[in-house]
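Residue-level listing of the chains:
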Amino acid sequence: MILSLMTVHPLPRRRKAGILPSLEDLLFYTIAEGQEKIPAHKFVSALKATGLRTGDPRLKECMEMLKVTLKSTSDGVMLDRHLFKKCVQSNIVLLTQAFRKKFVIPDFMSFASHVDKLYESAKNLSGGQVADYIPQLAKFSPELWAVALCTVDGQRHTVGDTKVPFCLQSCVKPLKYAIAVHDHSTEYVHRFIGKEPSGLRFNKLFLNEDGEDSAPAALTHLSKKLVMNFLNKMAGNEYVGFSNATFQSERESGDRNFAIGYYLKEKKCFPEGTDMTSILDFYFQLCSIEVTCESASVMAATLANGGFCPITGERVLSPEAVRDTLSLMHSCGMYDFSGQFAFHVGLPAKSGVSGGILLVVPNVMGVMCWSPPLDKLGNSVRGIQFCTVKSVINLLFAAYTGDVSALRRFALSSMDMEQRDYDSRTALHVAAAEGHAEVVRFLLEACKVNPEPKDRWGNTPMDEAVHFGHHDVVTLLKDYQSKYSPPESGADSETAQKNFDGML
Ligand code: GLU
């Protein structure tokens, strides 16, 4: 402790004394790249490359000062060191963090371009049905497709139709559950609702042995105003609206929901004195709350960030509420695909009939995918493709970092170890290029992957190992190739499993 104080203190003092350049000066030199002045647009594009937005509420002072300052300059464009300092000083901590690559995703531009590629590959998917039980959903074009993300540091990326409002529908359920737990504790909320996935369709009339409904229907103490207030805060005051037309249609077509309501009432599942029909109205209202992909990604990021909204820094939800919400999303957020999704993607998510998928990567980011066509289980076709491709990224990342134990876990969860990314590269390509001999050995001997897959440019893992001079990997590949004969189809996974069991 004493040591760290001693090393930390002298720095600001020496800065103040003018011995060391200030943080503002350092930032100036970084962006100016040897020039006397920085063009304002250069500063703004460098800022955007870190993932921050000029509209970020945390940069309000800086952006306002920039506007005022530029007006006072003769050319309205260039900032010298003094003017630059004036603009950045109120937000210098955040800006320094951003430019020193201290955010959770340091190289945001290349990350964003990966996301764009995933977006593009899902865009070509056809199939699925746009929900048409009410006109407000049926009107949406099947072409609509959007992905927005916000990291826990407030880095933003959006692609596609991310500004089009749509209703949250069932995506609101984890949010209202989080608010209920925040307001009333887990113990209270779970007096009325269960935790066990029912394994049945989301609107099935069913109670478990303890008389619990598995859908969070009994949140009687909340009001629409209170929920909207919370959602506004979770979204950092970005778009949250309400579609009265959807509400009316939901209410008119909601016979099944009424049936469930009466059933729950008969079984005394509501707190005493509850008016069941007004609870149902409340439910329909919450389904009719509108967001855009962009605003919903900030909501998801608040869940990823332990309950703090990343772009305002405000604590919106308690840690208890976030923890319980993520657990339930993990086990039952994706209708009857929940088990598969938990197994293959392993992240908390919630799907809705409007085509949204709210995805949380805890401690990293929140993502909202939206595309109206739904598969047979009611999940967005493009959204599912986007979320599950993540498994390729996980696989290649483990190969890249040489993480054999992660690869072992993936293989155990019957992940396809020969999956390819958009450049047709496999984990074996990546591990060979990085010289991770242990990973190469594991992929070849335990997983029995094809040793000679070709990537988009026709390169094999052997080409990579030779190119990067990893002689041990070259030898491994050579030895293996001399013994390798492609397995007959059907037999391969069994043999691979046996070999794999042997390696554990
Ligand atoms: N309004 C729908 C219902 O409760 C919501 C369905 C959904 O998004 O899963 O029937």
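Residues numbered from 1 in each chain as written. Predicted model: local features only at pLDDT ≥ 70, side-chain atom pairs only at ≥ 80, totals over all residues. Heavy atoms only, no water.

The protein carries the name glutaminase in an unreviewed UniProt entry, which gives Scleropages formosus as its organism. According to the UniProt record, the Sequence similarities (unreviewed entry) comment for the protein is "Belongs to the glutaminase family." According to UniProt, the comment filed for the protein under the heading Catalytic activity (unreviewed entry) is "L-glutamine + H2O = L-glutamate + NH4(+)". (UniProt positions renumbered as here; feature names shortened; annotations may be inferred.)

S.K.: Which residues make up the layout of surface pockets, and what are the values?
M.R.: Looking at the largest pocket, its volume works out to about 1,100 Å³. Residue lining of the largest pocket: 36 residues in total, with Phe111, His114, Ile393, Asn394 and Phe397 positioned closest to the centre. Listed by contribution, the elements that provide at least two residues to the lining of the largest pocket are helix H8 (108-123), strand S9 (356-361), strand S10 (365-370), helix H18 (381-401) and helix H20 (427-434). Ranked by residues supplied to the lining of the largest pocket, first place goes to H18 with 10 residues. Along the lines of polarity and charge, the residues of the lining of the largest pocket split into 25 nonpolar, five polar and six charged. (1 Å grid on protein atoms, 1.4 Å probe; cavity = no way out; pocket = protein on both sides within 12 Å on 5 of 7 lines; lining within 4 Å. Points joined across faces, edges and corners; volume = space filled by probe spheres on them. Helix = DSSP H or I, 4+ residues; strand = E, 2+ residues; numbered from the N terminus. Nonpolar A, V, L, I, M, F, W, Y, C, P; charged D, E, K, R; others polar.)

S.K.: Quick one: what's the story with empty space enclosed by the protein, residue by residue and with numbers?
M.R.: Within this structure, the stated rule accounts for two cavities of 30 Å³ or more. As for the second largest cavity, its lining consists of Val130, Ala131, Leu137, Phe140, Val353, Ser354 and Pro372. A class-by-class count of the residues in the lining of the second largest cavity yields six nonpolar, one polar and no charged.

S.K.: Go over helix H10 (residues 172-189), please, and point to the residues and values.
M.R.: With 18 residues, H10 should cover 26 Å at 1.5 Å per step; its first-to-last C-alpha distance of 16 Å lies more than 12% under that length. Its buried side turned inward, H10 meets helix H11 (224-234), helix H14 (276-287), helix H15 (293-304), helix H16 (319-332), strand S8 (349-351) and S9. (Expected span 1.5 Å × (residues − 1). Contact = heavy atoms within 4.5 Å.)

S.K.: With reference to specific residues and values, describe the pattern of salt bridges.
M.R.: Inspection of the entire model under this criterion finds 14 salt bridges. For Arg191, the salt bridge is made with Glu187, and the minimal N-O distance between the two is 3.2 Å. Considered together, Arg191 and Glu187 belong to a single accessibility category, that of exposed residues. Taken together, the shared-partner salt bridges in this structure form one network comprising Arg53, Lys163 and Glu294. (Salt bridge = Lys/Arg side-chain N within 4 Å of Asp/Glu carboxyl O. Buried < 20%, exposed > 50% of the residue type's maximum accessible area, 1.4 Å probe, protein only.)

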